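Below, each chain spelled out in residue letters.
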Amino acid sequence: MKKMILVTSPPGCGKTRLSKRLATALSHVVYLDKDTLIPLSKQIFAVAGQPYNRSSDFFEANIRDYEYEVILALGFEALNYDDTVLINAPFSREVRDAAYMRALRDKLDGMGAKLVVIWIVTDPEVCHQRMIGRNSDRDTWKLEHWDEYIKGIDFSIPDTLGDPKTSENLLLYYNSTDEMADASLARILPLLESE
């Protein structure tokens, strides 16, 4: 069965590393990363004369939701040509919005595809250190205003997709250490391959 896999979590939890590991291990995968859209977003900031700040009100009002709309549209299109689409993007609000997730699942059902969400569970301080280490301009504001930023981030496991112990719609990937990550990959990869 065709499927769309969303690799989700707050920034810095390890989405890209996991997504690339999964895309390499699975067969017939189209890999999409929302960060690929950042050059377009930077241009919107520049044209509007706004400072580049992906945590700003301007970003929220004029860019954020459109990035998700575009990456999902690319994913839907790709499902016409291959079996699995893997999208690397936070979806941090969306996975907590039952109506949003139901609409996404319904659209995929209409395409004969299944939705699978992977939520990455990582200690916030580990995310902080990873952001420092990756030294990306998309994290500049977050790091300079860490206490303010972290107050608005929900690291808890989303419950809109059911209990991860019993639901195949939500898979948990623990990623605070390399050992945890390897064990989680070994657990979830067979689940993704068996469908």
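This text goes with the structure placed above it.
The structure reproduced in this document is the subject of the present report. All of these numbers come straight from a predicted model, not from anything done at the bench.

1. Topic: the nonpolar core
Most often, soluble globular proteins have nonpolar side chains that are buried together.
Right, so step 1: The biggest cluster of nonpolar side chains holds 26 residues, and the ones touching the most others in it are Met4, Leu6, Ile87 and Leu104.
Right, so step 2: Counting only elements with at least two residues in this core, the list comes to β1 (2-8), α4 (64-78), β3 (84-88), α5 (98-110), β4 (113-121) and β5 (170-174).
Right, so step 3: The contact partners of Leu104, leaving out residues within four places of it in the chain, are Met4, Leu6, Leu72, Phe76 and Leu115.

2. Regarding the side chain of Arg64
Right, so step 1: Here Arg64 is to be found in helix α4.
Right, so step 2: With relative accessibility at 6%, the residue Arg64 sits in the buried group.
Right, so step 3: Of note is the side chain of Arg64, whose polar atom sits 3.0 Å from the side chain of Asp65.
Right, so step 4: Within the structure, the side chain of Arg64 is placed 2.8 Å from the side chain of Glu94, a separation counted as a polar contact.
Right, so step 5: Excluding its chain neighbours within four sequence positions, the residues that come into contact with Arg64 are Phe59, Ser92, Arg93 and Glu94.

Thresholds, definitions, all that
- Residues numbered from 1 in each chain as written.
- Predicted model: local features only at pLDDT ≥ 70, side-chain atom pairs only at ≥ 80, totals over all residues.
- Heavy atoms only, no water.
- Core = buried A, V, L, I, M, F, W, Y, C linked by side-chain atoms within 4.5 Å.
- Buried < 20%, exposed > 50% of the residue type's maximum accessible area, 1.4 Å probe, protein only.
- Helix = DSSP H or I, 4+ residues; strand = E, 2+ residues; numbered from the N terminus.
- Contact = heavy atoms within 4.5 Å.
- Polar contact = N/O pair within 3.5 Å; in protein donor to acceptor, adjacent residues only side chain to side chain.

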